[in-house]
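Descriptive structure summary
So the chains spell out like this:
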Amino acid sequence: MSRRFQRITPFLWFDTEAEEAANYYVSIFPNSRIVGTTRYSKEASAVSGRPEGSVMTVAFELDGQSITALNGGPTFKFNEAVSLVVHCHDQAEIDRFWEKLSAGGDPRAQAGGWLKDKYGLSWQVIPENIEELVQNPGSVAALMHMTRLDIAAMKAAAT
């Protein structure tokens, strides 16, 4: 069985939580798994200041999408300039992913389908037909007052 070629892979920088975060994300999404883990060698430890033998990277898949997480230290933090988008088939999926991803995150960072998880990573949890829904100004106006998106409310605002 050949592995599917993925040209672009998100690479997420964590302080020390890469393995914990990867396991958490894998538990949320179907068709997901940890692919491999690397550890800091003596040489890499000396250069990075990270403990020798500690987890350096975790390669994982979320619903078939390859992602790599790095324990790179506290130098860089996540911000809203980059987010991962979760396309959902229906309201039940939106509700399920929103509940799981927002658990322990910052409630003040929830608006218009965007949230920050407990690791500070930003996500957008949206319906698969979001482009169609936002063609109507009423739907967009409704969306601006939502945290978790409500498909029925957006459709009702379009009429």
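Please refer to the structure placed before this passage.
Turning our attention to helix α3 (residues 91-102). An ideal rise of 1.5 Å per residue puts 16 Å on 12 residues; α3 measures up with 16 Å between its terminal C-alpha atoms. Backbone geometry just downstream of α3 places Gly 104 in the positive-phi region, at approximately 80 degrees.

Within strand β3 (residues 55-62), 6 of the 8 residues are buried, which leaves the element mostly enclosed by the surrounding structure. By the bridge criterion, 6 bridges tie strand β2 (residues 33-39) to β3 in an arrangement that is antiparallel. Looking at β3, one finds that Arg 39 is bridged to Val 55. In terms of strand pairing, β3 meets strand β4 (residues 65-71) through 6 bridges, oriented antiparallel. Following the sheet pairing, Phe 60 is matched in β4 by Ile 67. Between β3 and the antiparallel strand that follows it, β4, lie 2 residues; Asp 63 among them carries a positive phi value of about 50 degrees.

Quick look at the sheet that holds strand β7 (residues 122-127) now. Pairing within the open sheet is mixed, and its 3 strands lie in the order β5-β7-β6. Because the sheet does not close on itself, it has two edges, and the strands there are β5 (83-88) and β6 (114-116). Looking at each pair of strands side by side, their axes are set apart by 25 degrees on average, direction ignored. Examined bridge by bridge, β5 and β7 share 6 bridges and lie parallel to one another. Bridging across to β7, Ser 83 finds its partner in Ser 122.

Scanning the entire structure with this criterion turns up 10 aromatic pairs. For the ring pair Phe 14 and Phe 78, a centre distance of 5.1 Å and an interplane angle of 80 degrees mean the geometry is edge-to-face. Residue Phe 14 is found in strand β1 (residues 11-14), and its partner Phe 78 is found in the loop between β4 and β5; the two are separated by 64 residues along the sequence. Joined through ring pairs, the aromatic side chains of Phe 14, Tyr 24, Tyr 25, Phe 29, Phe 60, Phe 78, Phe 97, Tyr 119 and Trp 123 make up one cluster. Over the ring of Phe 97 we find Arg 96, and its NZ or CZ is 4.3 Å from the ring centre. Of note, Lys 118 hangs over the ring of Tyr 24, and the distance from its end group to the ring centre comes to 4.1 Å.

What follows is about the environment of Val 140. If you trace the backbone, Val 140 turns up in helix α5 (residues 137-143). In sequence terms Val 140 and Ser 27 are 113 residues apart; their C-alpha atoms lie 32 Å from each other.

Our next topic: the nonpolar core. Counting 30 residues, the largest nonpolar core has Phe 14, Tyr 25, Phe 60, Leu 101 and Trp 123 as the members making the most contacts within it. Ranked by the residues each element gives to this core, the list is headed by helix α1 (residues 18-28), at 7 residues. The residues touching Phe 60, leaving out its near neighbours within four places in the chain, are Ala 22, Tyr 25, Val 26, Arg 33, Ile 34, Val 35, Gln 65, Ser 66, Ile 67, Thr 68 and Ala 69. In this structure, Ile 126, Leu 133, Ala 142 and Leu 143 belong to the second largest nonpolar core, which totals 8 residues.

The rules behind each value
- Residues numbered from 1 in each chain as written.
- Predicted model: local features only at pLDDT ≥ 70, side-chain atom pairs only at ≥ 80, totals over all residues.
- Heavy atoms only, no water.
- Helix = DSSP H or I, 4+ residues; strand = E, 2+ residues; numbered from the N terminus.
- Expected span 1.5 Å × (residues − 1).
- Buried < 20%, exposed > 50% of the residue type's maximum accessible area, 1.4 Å probe, protein only.
- Pairing = 2+ DSSP bridges.
- Axes fitted to C-alpha atoms, helices over the stretch in contact; angles between N-to-C directions.
- Phe/Tyr/Trp six-rings, centres within 6.5 Å; stacked < 30°, edge-to-face > 60°.
- Lys NZ or Arg CZ within 6 Å of the ring centre and 35° of its normal.
- Core = buried A, V, L, I, M, F, W, Y, C linked by side-chain atoms within 4.5 Å.
- Contact = heavy atoms within 4.5 Å.

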